[in-house]
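The lines below spell out each chain.
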Amino acid sequence: MNIVVVGGGFAGVKAAIELSKKHIGKITLISDEPYFLHHATLYATATGRSMAESVIPLAHIFDYYPNVTVVNDTMTSIDSRRRLIIGKNKQYHYDKAVIAIGSVTTYFGIEGMADHAYGIKNLDEIKQFHAHIHEDVVQKKLDREYFIIGAGPTGVEMAGALMEYLQSLIRIYNLKHSKARVTLVEAAPTILPRISKTAAKKVMVRLKNLGIKVLVNHKVQALDKDRIVIDGKTHPTACAIWTSGVANNPFFAAQGDTFHLAPNGRVEVNQYLEAIPNVYVLGDNNAVKNSGLAWPALDQATFLAKHLTRLVAKRPLLPYKPRTFIQGVPVGENWAYVERYGIYAAGKTGAAIRRWMELYGYKQLVPAKIARDLWRAHNIPEIDV
């Protein structure tokens with residue numbers, strides 16, 4: 001069997017690994033980047049931690065899986081009749097295809113946001129943010145108000161990490177008169193709107209203890225290079241970080257009648273995660289309950305490998321059953337909130353559990369020894385300003 005996996009994120013990489021272990025065919029992994037990004041730790045990489053914990057070369061991961069061929073290419077279309085993935089560089093024939101190409105940022109049409117906001121979704125965005133902080137330090141202007149837009153997990157994580165990062169730079173570079181401030185802005189009535197009221201309450205207290213200003217029920221209306229407009233009021237700023245909306249990859253909408261899309265723009269799949277005959281869609285891209293997070297993506301990839309093994313062996317097929325996974329939100333150093341089924345832990349205990357979650361995640365992708373090295377990289381500072 002010739003299996004083509006498109007996407008170098010959690011779902012794509014995990015699918016290729018698990019399929020390789022099953023020895024049911026030749027696997028080609030197509031990724032537009034030569035590395036895997038560990039998105040759960042990008043907030044730390046963006047605020048002075050080692051890049052090693054967030055960026056893992058795909059070649060290093062698949063050194064251990066000789067039946068996986070990694071190709072650097074970008075999928076442009078799919079010909080389901082001829083079973084072809086069409087890339088910018090060549091075409092790839094498949095018996096089974098797995099598509100897990102992740103989501104894209106959407107700015108909801110907010111004026112100036114796409115041109116002036118910083119992001120932390122990929123390496124280029126992180127480098128641009130680092131360059132901006134470097135410029136602030138050089139010009140001794142580390143006394144601005146830094147706005148983070150979106151108080152979901154990424155925004156909350158970034159707020160806590162950024163506040164502590166700015167304070168460390170102030171100490172290191174002796175910027176005694178700096179009054180750097182961090183403001184977190186959320187359009188919804190509460191922070192962490194998709195977790196729980198308890199999460200919002202506990203984390204709000206933590207944010208305020210760190211000195212972070214939180215604005216809920218506030219909508220950002222415009223942004224340019226030196227100001228942000230929130231609910232009609234203008235605030236001077238040279239740094240706004242967008243951590244809010246995401247949308248399904250536009251690839252699927254561009255395929256016309258090939259895929260069936262749910263109202264939220266994600267791809268409808270059957271009980272085996274199959275979108276169209278012989279093509280499976282995983283992770284952020286499908287409309288399955290709980291999709292959009294790392295752990296469900298890993299779970300779907302593991303299921304798919306078992307499903308294709310059953311298919312080849314002509315054994316009875318089992319449906320995919322979405323599960324609820326533990327959620328963890330770190331807020332500054334040695335503090336986190338974690339929750340599952342309404343049971344939670346906060347503070348140092350939460351931080352320990354969250355760190356365990358990260359280690360477990362690495363072990364899904366690389367051997368245990370390498371996983372521990374990547375995990376320990378979190379404690380290596382990389383302040384290069």
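Look above for the structure.
Since we're looking at a predicted model, the values are computed, not measured. The residue numbering used here restarts from 1 in each chain and proceeds along that chain's sequence as written. Where local features are concerned, this predicted model is filtered to residues with pLDDT of at least 70; where side-chain atom pairs are given and counted, the filter is 80 or more; whole-chain, interface and lining totals use all residues. Values shown for side chains rest on all heavy atoms present in the structure; no hydrogens or waters enter the calculation.

Student: Mind laying out the overall build of the protein chain, listing which residues take part and the relevant values?
Tutor: Each helix is a run of H or I in the DSSP string that is no shorter than four residues. Each strand is a run of E no shorter than two, and both are numbered from the N terminus. Counting secondary structure elements, the protein chain contains 11 helices and 23 strands. For a compact globule of 385 residues, the expected C-alpha radius of gyration is about 21 Å, and the protein chain comes in at 22 Å, within 12% of that figure. A principal-axis box enclosing the C-alpha atoms of the protein chain has dimensions of 70 × 45 × 40 Å. For the protein chain, the residues scored as buried account for 53% of the 385 residues in total. Considering only contacts within the protein chain whose residues lie at least 6 apart along the sequence, 65% involve residues at least 24 apart. Both definitions apply: the radius of gyration is a C-alpha atom measure, and the globule rule equals 2.2 Å times residues to the power 0.38. Summary of the burial criterion: residues with accessible area below 20% of their type's maximum are buried, those above 50% are exposed, and those between are partly exposed, where the area comes from a 1.4 Å probe applied to protein chains only. By definition in these notes, contact holds between two residues if any of their heavy atoms fall within 4.5 Å.

Student: If you had to explain the pattern of salt bridges to someone new, which residues and values would you point to?
Tutor: Salt bridge, as applied in this entry: a Lys or Arg side-chain nitrogen positioned within 4 Å of an Asp or Glu carboxyl oxygen. Counted under the stated rule, the structure contains 13 salt bridges. Salt-bridge contacts for aspartate 373 lead to lysine 369; the nearest nitrogen and oxygen are separated by 3.6 Å. Pair noted here: aspartate 373 and lysine 369 are both in helix α11 (residues 368–376), with a separation of 4 residues, about one helical turn. By relative accessible area, aspartate 373 is classed as partly exposed at 40%. Assessed through its relative accessible area of 55%, lysine 369 is described here as exposed.

Student: Outline the nonpolar core, listing residues and values.
Tutor: Ile61, Phe62, Ile85, Ile99, Phe259 and Leu282 are the most contacted members of the largest nonpolar core, which has 59 residues in total. With near-sequence residues (within four places) excluded, phenylalanine 259 lies in contact with Ile78, Ile99, Phe251, Phe252, Val267, Ala275, Ile276, Val279 and Val281. Within this scheme, the nonpolar core is defined by two criteria: the residues are buried Ala, Val, Leu, Ile, Met, Phe, Trp, Tyr or Cys, and they are joined through side-chain atoms within 4.5 Å. Grouped together as the second largest cluster of nonpolar side chains are 49 residues, Tyr118, Val156, Leu175 and Leu207 included.

Student: Describe the sheet that holds strand β23 (residues 343–347), naming the residues involved and giving the relevant values.
Tutor: Sheet architecture is open: 3 strands sit in the order β21-β22-β23, paired in antiparallel fashion. Looking at the sheet topology across the chains shown, the edges are occupied by β21 (327–330) and β23. Geometrically, the sheet is characterised by an average inter-axis angle of 5 degrees between neighbouring strands, direction not taken into account. Pairing between strand β22 (residues 336–340) and β23: 5 bridges, direction antiparallel. Note on pairing: two strands pair once DSSP finds at least 2 bridges between them. Throughout, an axis means a line fitted to C-alpha atoms (over the contacting stretch in the case of helices), and angles, computed between N-to-C directions, take values from 0 to 180 degrees.

Student: So what about a positive patch on the surface? Which residues, and what values?
Tutor: Patch membership is restricted to residues that have no salt bridge and whose relative accessible area is over 30%. Joining uses 9 Å for like charges and 5 Å for the nonpolar side chains Val, Leu, Ile, Met, Phe, Trp and Tyr. Here, Shrake-Rupley sampling with a 1.4 Å probe gives the accessible areas, and only protein chains in the shown set may cover a residue. Lys and Arg are tallied as positive, Asp and Glu as negative. Neither His nor the chain termini are counted. Here the site of a charge means atom NZ of a Lys, CZ of an Arg, CG of an Asp or CD of a Glu. A surface patch of like charges, here positive, comprises Lys179, Arg181, Lys213 and Lys233. Structurally, lysine 233 is set in strand β16 (residues 233–236).

Student: Outline the side chain of arginine 354, supporting the account with residue identities and numerical values.
Tutor: Its place among the elements puts arginine 354 in helix α10 (residues 348–363). The residues touching arginine 354, leaving out its near neighbours within four places in the chain, are Ala40, Tyr43, Glu157, Gly328, Val329, Pro330, Ala336 and Val338.

Student: Outline helix α9 (residues 294–313), listing residues and values.
Tutor: Here the expected length of a helix is defined as 1.5 Å per residue gap, with one fewer gap than residues. In this model α9 runs 29 Å from its N-terminal to its C-terminal C-alpha over 20 residues, within 8% of the 28 Å that 1.5 Å per residue would give. Among the residues making up α9, those that are buried are Trp295, Pro296, Ala297, Leu298, Asp299, Gln300, Ala301, Phe303, Leu304, Ala305, His307 and Leu308. Where α9 is buried, its residues meet β1 (2–6), α1 (10–22), β9 (96–99), β20 (279–281) and α10. Two residues or fewer after α9 comes lysine 314, characterised by a positive phi angle close to 55 degrees.

Student: Explain the packing of aromatic side chains to me, and be specific about the residues and the numbers.
Tutor: Aromatic pairs are defined between Phe, Tyr and Trp rings, using the six-membered ring for Trp, whenever the two ring centres lie within 6.5 Å; interplanar angles under 30 degrees are classed as stacked, those over 60 as edge-to-face, and all others as tilted. Scanning the entire structure with this criterion turns up 14 aromatic pairs. Plain terms: the ring middles of phenylalanine 251 and phenylalanine 252 are 5.4 Å apart, the flat faces sit at 85 degrees to each other, and that makes the pair edge-to-face. On the accessibility criterion, phenylalanine 252 (1% relative accessible area) is buried. Consider the rings of phenylalanine 252 and phenylalanine 259, whose centres lie 5.2 Å apart with planes at 80 degrees: the pair is edge-to-face.

Student: Tell me about unusual backbone geometry, and please be specific about residues and values.
Tutor: Even without being glycine, phenylalanine 108 reaches a positive phi, approximately 55 degrees. Looking at where phenylalanine 108 falls in the secondary structure, it is placed in the loop between β10 (103–105) and α4 (113–116). The backbone phi angle of asparagine 290 is positive, close to 75 degrees, even though this residue is not glycine.

Student: So what about the packing of α1 against α9? Which residues, and what values?
Tutor: For the pair α1 and α9, interaxial distance at closest approach is 8 Å and the crossing angle is 30 degrees. When the interaxial angle is binned, α1 and α9 end up roughly parallel. With respect to the hand of their crossing, α1 and α9 are arranged in right-handed fashion. Where α1 approaches α9, its residues Phe10, Ala11, Lys14, Ala15, Glu18, Leu19 and Lys22 are matched on the opposing element by Ala294, Ala297, Leu298, Ala301, Thr302, Ala305, Lys306, Leu308 and Thr309. Each residue is assigned to one class: nonpolar for Ala, Val, Leu, Ile, Met, Phe, Trp, Tyr, Cys and Pro, charged for Asp, Glu, Lys and Arg, and polar for all the others, Gly among them. Residue composition of the contact of α1 with α9, grouped by class: 10 nonpolar, 2 polar and 4 charged. For this classification, under 35 degrees means roughly parallel, over 145 means roughly antiparallel, 65 to 115 means roughly perpendicular, and everything else is oblique. Take the far helix as the reference: if the near one is turned anticlockwise from it by less than a right angle, the crossing is left-handed, and if turned clockwise, right-handed.

Student: Got a sec to walk through the sheet that holds strand β8 (residues 91–93)? Specific residues and values, please.
Tutor: Pairing within the open sheet is antiparallel, and its 3 strands lie in the order β6-β7-β8. The strands lining the two open edges of the sheet, one partner per strand, are β6 (75–79) and β8. Strand-to-strand twist of the sheet, defined as the mean angle between neighbouring strand axes without regard to direction, takes the value 20 degrees. Here strand β7 (residues 84–87) runs beside β8; their pairing, made up of 3 bridges, is antiparallel. Residue pairing across strands places isoleucine 86 opposite glutamine 91, the latter belonging to β8.

Student: How would you sum up the pairing of β1? Please name residues and give values.
Tutor: Across the 5 residues that make up β1, a large majority, 5, are buried. Here β1 pairs with strand β2 (residues 26–31) via 5 bridges, running parallel. Across the sheet, isoleucine 3 pairs through a bridge with isoleucine 27, a residue of β2. When the strands point away from the viewer, a crossover counts as right-handed if the path from the first strand over the helix to the second runs clockwise. Taken together, β1, α1 and β2 constitute a β-α-β crossover, and its handedness is right-handed.

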